[in-house]
Amino acid sequence: MKISIVNMIPKSLSGESNQDSEPNLAVNPNNPLQIAATAFTPNPTGGTLAPIFISSDGGATWALNAIVPGATAGFPTGDITTKFGGTSNVLYGGILRADTLHLNVLRTNNYAGSAAMTVLVDRASEDQPWVQATTATAVAGTPDRVYIGHNDFNTSPNTATVEQSLNAAAAPAPAGFGPITLETTSPGGGQDGPSIRPTIHSSGRIYIAWIDWTTFTGTSTTANIVVRRDDNWGTGGTPYSAIGTGGKGVNVASGVTIPWQNAHFLGQERVGSHLSIVVDPNNSSRVFIAWADTPVVSGPYTIHVRQSIDGGVTWGADLRTVANGINPALAIDSVGNIGFLYQTLTGGNTWETHIEISNNSFATPPTPIVLAKVPSNTPVATFLPYLGDYIYLTAIGETFYGVFSANNTPNSANFPNGVTYLRNANFTTQQLLNVDNATPVNVSIDPFFFSIQELTFPPIRPIITPPIGIQPPIKPVIVSPPIKPVIIGPPIKPVIVSPPIRPVIVSPPVHPIEPPIHPIEPPIRAIAPIKTIGPVQPVEPVEPIEPQKPK
Amino acid sequence: MLKVLLLNMPFVSLERPAIGISLLKARMAEEGLHCSAGYGSLFFAEWVGYWPYEIVLDRISAAMFTGDWMFSKWLFPGRDHSAYVATLRDHLGGDTAEFAAVLAMAEKVGSFLEACLDRFEIGKFDVVGFTTTFEQNLSSLALARLIKDRHPKKLIIFGGANCEGVMGQELHRRFPWIDYVCSGEADNSFPALVKRLDAAEPPDGVPGVIDRRSGASRLAAPPDRIHDMDRLPDPDYDDYFQAIAASSLAQRVRPALLIESARGCWWGAKSHCTFCGLNGSTMTFRAKSAGRVYSELERQSARYGIGRFLAVDNIMSYHYFRDLLPMLKERNPGISLFYEIKSNLKRSQVELLRDAGVWSLQPGVESLSSHVLRLMRKGVSAIQNVQLLRLCREYGIEIAWNLLYGFPGETPEDYAETLRTIAAISHLKAPGVVAPIRLDRFSPNYDEAEHFGLVTVKPFPMYRHLYPFPPESVANLSYFFEYKYSDGRDPEKYVAEVRNQAQEWKKNQNGDLIKLYGSDPELALVDTRQQGAELHYPLHGLQREIYDFCDEMQTLASILELAAARGADPVSVELFLDQLVKTKLMLREGNQYLALAVDTSRRLKSQPTPLRLAS
């Protein structure tokens, strides 16, 4: 198992000391080297676009790319999550934009490009959009399908909602997006909890979990942890009604107490709504859920993990509990290992970020892998959430990818499984340094990316050893020349005149395995006529080929 | 009866057992002798932390010998290490977390060695054997020294690849606490030596054993070689899995099993690649029979509940294409395999590898210039290498390969040609590293350095930080050497752009060149290698037929023959081929052509065996 942990702040921002909290992550399933991440990170150059973090090397290095609309001075963005389509390379975003706090659903087909993400939906009175996306490869046209859990106050008190599109990649705004209200019980709390979490199986089975507030006192709620399911991509007249009485979903837990504390409740962090759900990519009936609650407001805030093996109809007892835990995040890899990421306050003064990986559904409790173990009292919070109301874990193949925020003191002891800082830092003096690599910089909260490669298949023996001191020269990324069709020289004159010229028709791919063909704007047109070879003649030329942009 | 302990010390991978001592344990059992195996490597990782251990294995160049250095620091106290530490700091990019962790780890070596005495219950054993390969020398020497200091009567025996040839003799000569060295294959010599010792007989004449009975370190006779590989027992990995199960690192370690289906190199026996020093004095190729390999895979998989196997063979037996691989395909035992392999494979062979569960390969690609490949006596051409890269991509077989340079006789034009090839294959797997050849002991480049134009041969500079001995002694202990060229060349000058482009290749593997079959056109080549562009090349009729014909490399003559049979004009065919080459849809080398577009439908026909732990 290979663990890699990277402080994502680029070297060029070594002087920053922002509270880069509430991180999220999107790994392109079509090319896991391409990763986008988000946090409450301001644009260092100001302006009306907030940045996302981008990596094109699997998370080893990161840069900022300001493409998120709505930034204002000192407030880059409200809640933000992003995800890639399954094979489309399209990145989708759900944000509360900073200037209006409206829900915006966003899209870009070039996560690393400089163009601002396209706004597909803009709507007021929303909270905590949580994006999940895939490409429906078994559906004609292989459309991208996007599901965004969010809390829609336009439908209060039934606020738990999913915003979904069944063909999100190409169509103009709103690209098929529209809200579906999930809640049916008119919660006594006047709304549902902020966390609405979808998870997608490639068969079209969608689960959505939320926290149904049955009562709300201002500092505490009584709630049910609810799961609804749909077996056909959320389509049909009564979507998400596959399980539960009347199709209204199943309570995983009922009458739990959840403190609602927008104050320093655990360390300097607030609590109120922590929830995660994930379906096994190889078994659409195996699904895990995690949430946090407490028996009494002053008691230990505790994460619970449970499993259903019958498609969410019934749920087992707690498989794992973590006292003083927040930010549960679940993922299942391609061979069924379940990953459980969380943060826990230990000793009253230390935030530890753990991941547990189980190959037997937690039948035997796995030893937690400690990703970070940092002071909880420094730096002083500048706003809440301190670390974030969520972190994220996902899996591609047999590799887990995740992101969390933590105190960034460059101390090896804080990262017992290692860490790489891109920003300047001296681990001997345990001091952050500015871009001049000399001026001290204050400790702050940074986002940390990690990957855990379950399967390593290294060569048995190194064939060569790069000599010491010879490093590959550093070279700036070359920006490719403008898109231009290749022009093949003058047409070869056929000996025999070919059949009539006709435009090229790009047939639908027979085997759309990887990557599928997606239109490239502008609309496709034949660049040059293509001649086909006629019936076999005594002497027949082979015609030149010319490139065409696809339809 | 003597009690024997075999130790596997740092630094080696934690994720696989030591096959050498595991095989010896099984051989000892065959001879009625008992021994145990201990994993000092795992214990050290527990002692210092998995991550610091991993830094030495994965993050630091092997040419730094950092693992050896930290044990040398303990073994030879009082030396000035400031120069080494400064170099290490530079190597790790300054005062990074890695640098701090490595220094902290070095401080724990003494306490670790002391703890080993208890952990491995050294007092209970009469003989302690150490296996040493690559960076295990100093850790083994350090613990052996401590054992001898505390228990002078215990016998210390060294074996492993670091004991082959003059290296074994120098180890024995320089380190008096080593009683015996088993040099070369020890399947017979080690049990024979233990039997003699057990009987209190002098180990006279045991082939492969170095002793100092005459006052000097002396090899009694060349070691026996195993001729019939089928007669070897299955390695006994029980101690490894028991150690993992009891370890605090059990959560971190994902074990794979090792299998040795062959020794030596059948290609090397015919044409020794000039840079390769892997086979020492045992180049003769010997392979287990297909039935034996298959049954061993089944037995070991069932015994340890693991289906992932790494073959330690230097090269896969060609016979396995006839027997073992079809057997694995047909019986489908749920096993996945890694092999090193010669790269001149055909489609049918790559497909068979995939169907047999060979999930990962290390092919001997080494270069994209046929001239350079000839210089290194590789026995393949550049276009064959590219064919393999494309076929492995099509069948979803992971490959690891390196692009080597610095071969005497190579020319700047070789790398200009390499650049042209790279420009056409950016959609295929990039090399892991682009690096100059290392001069290894036992390689033709080392043995015949002057003949190859290599001069001023001396051990890698970091060896001097490990051994406080005269230069000739350090040279005898060394395996890696540096050199200069007799013609004064500096390959970096003509390779720089290849290095740059290979870096870009690795970083930007986003584009693709794939085949899409349909009705009109019959075949579209979709090219997204140019960033931001998506070009479709429709091929019809004979165009499609020719392109598919070049799925495996074809000569111009055979292409023209095909075209002629369809009544096509040869001039237009050549022009068509020129177009394909210019647009990087086809690779041409000499009069041979190879289609470059990937047929992504191949992967679906049968997926490779899933790599799931059987337990």
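On a predicted model such as this, the values are computed, not experimentally measured, just so you know.

Draft legend 1. Region of interest: the overall build of chain A. Tallying secondary structure elements over chain A gives zero helices and 34 strands in all. Taken across its 551 residues, chain A has 59% of its residues classed as buried. A separation threshold of at least 6 residues defines the contact pool for chain A, and within that pool the share at least 24 residues apart is 58%. Of the roughly 20,000 Å² that chain A leaves accessible, carbon and sulfur atoms contribute 57%.

Draft legend 2. Expanded view of the pairing of strand 12 (residues 160-165) of chain A. Residue and element names in this part refer to chain A. The buried count for strand 12 comes to six of six residues, which makes it a mostly enclosed element. In this sheet, strand 12 lies alongside strand 11 (residues 144-152) in antiparallel orientation, the contact comprising six bridges. Looking at the pairing, Ile148 lines up with Glu163 of strand 12. Examined bridge by bridge, strand 12 and strand 13 (residues 178-181) share four bridges and lie antiparallel to one another. Counted as the bridge partner of Thr161 is Thr181 from strand 13.

Draft legend 3. Region of interest: unusual backbone geometry. Cis geometry marks the peptide bond from Ser156(A) to Pro157(A); its omega dihedral reads 0°. Considering the arrangement of structural elements, one finds Pro157(A) in the loop between strand 11 and strand 12. Ala173(A) connects to Pro174(A) through a cis peptide bond whose omega is 5°. Residue position: Pro174(A) is located in the loop between strand 12 and strand 13. Unlike most non-glycine residues, Tyr240(A) shows phi in positive territory, near 60°. Residue placement: Tyr240(A) occurs in the loop between strand 16 (220-230) and strand 17 (250-259). By relative accessible area, which is 0% here, Tyr240(A) ends up buried. Positive phi is not limited to glycine here, since Phe442(B) has a value of about 80°. Mapped onto the secondary structure, Phe442(B) falls in the loop between strand 17 (439-440) and helix 19 (444-447).

Draft legend 4. The packing of helix 22 (residues 541-549) of chain B against helix 23 (residues 556-565) of chain B, seen in detail. Residues and elements named next belong to chain B. Running from amino to carboxyl end, helix 22 crosses helix 23 at an angle of 150°, the nearest separation of the two axes being 11 Å. The pairing of helix 22 with helix 23 is recorded here as roughly antiparallel in orientation. Judged by the sense of rotation from one axis to the other, the crossing of helix 22 with helix 23 is right-handed. Side by side, helix 22 and helix 23 meet where Leu542, Glu545, Ile546 and Phe549 of the first sit next to Ser558, Ile559, Leu562 and Ala563 of the second. Looking at side-chain class alone, the contact of helix 22 with helix 23 contains six nonpolar, one polar and one charged residues.

Draft legend 5. Quick look at the packing of aromatic side chains. Residue and element names in this part refer to chain B. Tallied over the entire structure, the rule returns 54 aromatic pairs over all chains. Ring centres 5.6 Å apart and planes at 65° place the aromatic pair Phe43 and Trp47 in the edge-to-face group. Of this pair, Phe43 and Trp47 both sit in helix 2 (residues 40-48), four residues apart, which is roughly one turn of that helix. The buried category is assigned to Phe43, whose relative accessible area is 6%. Sitting over the ring of Tyr294, Arg331 keeps its end group 4.8 Å from the ring centre.

Draft legend 6. Seen up close, the packing of helix 4 (residues 66-75) of chain B against helix 7 (residues 109-119) of chain B. Residue and element names in this part refer to chain B. Relative orientation of the contacting elements helix 4 and helix 7 amounts to 80°, with a least axis distance of 9 Å. Our classification of the angle between helix 4 and helix 7 gives roughly perpendicular. Residues Met70, Phe71 and Trp74 of helix 4 lie in contact with helix 7, whose contacting residues are Val109, Gly110, Phe112 and Leu113. When its residues are assigned to classes, the contact of helix 4 with helix 7 shows six nonpolar, one polar and no charged.

Draft legend 7. Quick look at the environment of Ala101(B). Positionally, Ala101(B) belongs in helix 6 (residues 97-106). Along the sequence, Ala101(B) and Gly49(B) sit 52 residues apart, while their C-alpha atoms lie 9.4 Å from each other.

Draft legend 8. Quick look at empty space enclosed by the protein. Residue and element names in this part refer to chain B. Within the structure shown, the criterion is met by five cavities of 30 Å³ or more. In this structure, the largest cavity encloses a volume near 290 Å³. Every residue lining the largest cavity is counted, 22 residues in all, and those nearest its centre are Cys265, Cys273, Cys276, Asn314 and Lys378. The set of elements that each furnish at least two residues to the lining of the largest cavity consists of helix 12 (266-270), strand 12 (336-341) and strand 13 (358-363). Grouping the amino acids of the lining of the largest cavity by side-chain chemistry returns 11 nonpolar, seven polar and four charged.

Draft legend 9. Geometry of the side chain of Thr282(B). Residues and elements named next belong to chain B. Its place among the elements puts Thr282 in the loop between helix 12 and strand 10 (286-287). Under the relative-accessibility criterion, Thr282 is labelled buried at 14%. Among residues more than four places away in sequence, those in contact with Thr282 are Glu164, Glu185, Arg225 and Gly264.

Draft legend 10. Representation of the pattern of salt bridges. Residue and element names in this part refer to chain B. The tally for this structure, following the rule as stated, stands at 59 salt bridges over all chains. Arg27 serves as the salt-bridge partner of Glu31, at 3.1 Å between the closest nitrogen and oxygen. A network of salt bridges, in which partner residues are shared, links Lys25, Asp236, Asp238, Asp239 and Arg303.

Draft legend 11. Quick look at the nonpolar core. Membership of the largest hydrophobic core comes to 268 residues, with the highest contact counts inside it found for Met70(B) and Phe175(B). Look past the residues within four positions of Met70(B) in its chain and what remains in contact with it is Phe11(B), Phe44(B), Val56(B), Val102(B), Met105(B), Ala106(B) and Val109(B). In terms of nonpolar packing, the next biggest core, distinct from the first, is built from 20 residues, Tyr207(A), Ile225(A), Ile243(A) and Val252(A) among them.

Draft legend 12. View of the confidence of the model for chain A. Across chain A, the average pLDDT comes to 85, with 82% of residues at 70 or higher. The model gives residues 459-540 of chain A a pLDDT under 50, and that stretch makes 185 contacts with residues more than four places away or in other chains.

Draft legend 13. Representation of the sheet that holds strand 1 (residues 2-7) of chain A. An order of 28-29-34-1-30 (chain A) is seen for the five strands of this open sheet, with the pairing classed as mixed. The strands lining the two open edges of the sheet, one partner per strand, are strand 28 (392-396) and strand 30 (420-421) of chain A.

Draft legend 14. Spatial organisation of the pairing of strand 4 (residues 155-159) of chain B. Residue and element names in this part refer to chain B. Most of strand 4 is tucked away, with four of its five residues classed as buried. Of the pairings in the sheet, the one linking strand 3 (residues 127-131) to strand 4 comprises five bridges and is parallel in character. Bridging across to strand 4, Thr131 finds its partner in Gly159.

Draft legend 15. Inspection of helix 10 (residues 189-198) of chain B at higher detail. All names here are of chain B. Taken as a whole, helix 10 has its buried residues at Ser189, Phe190, Pro191, Leu193, Val194 and Leu197. Those residues of helix 10 that are buried lie in contact with strand 1 (4-8), helix 1 (19-30), strand 4, strand 5 (180-182) and strand 6 (209-211). Among the residues trailing helix 10, Ala200 stands out with phi positive, at a value near 60°.

What counts, and where the lines are drawn
Residues numbered from 1 in each chain as written. Chains lettered and ligands numbered in written order. Predicted model: local features only at pLDDT ≥ 70, side-chain atom pairs only at ≥ 80, totals over all residues. Heavy atoms only, no water. Helix = DSSP H or I, 4+ residues; strand = E, 2+ residues; numbered from the N terminus. Buried < 20%, exposed > 50% of the residue type's maximum accessible area, 1.4 Å probe, protein only. Contact = heavy atoms within 4.5 Å. Areas by Shrake-Rupley, 256 points an atom, 1.4 Å probe, with all protein chains shown as cover. Pairing = 2+ DSSP bridges. Axes fitted to C-alpha atoms, helices over the stretch in contact; angles between N-to-C directions. Parallel < 35°, antiparallel > 145°, perpendicular 65-115°, else oblique. Left-handed = near helix turned anticlockwise from the far one by under 90°. Nonpolar A, V, L, I, M, F, W, Y, C, P; charged D, E, K, R; others polar. Phe/Tyr/Trp six-rings, centres within 6.5 Å; stacked < 30°, edge-to-face > 60°. Lys NZ or Arg CZ within 6 Å of the ring centre and 35° of its normal. 1 Å grid on protein atoms, 1.4 Å probe; cavity = no way out; pocket = protein on both sides within 12 Å on 5 of 7 lines; lining within 4 Å. Points joined across faces, edges and corners; volume = space filled by probe spheres on them. Salt bridge = Lys/Arg side-chain N within 4 Å of Asp/Glu carboxyl O. Core = buried A, V, L, I, M, F, W, Y, C linked by side-chain atoms within 4.5 Å. pLDDT = per-residue confidence, 0-100.

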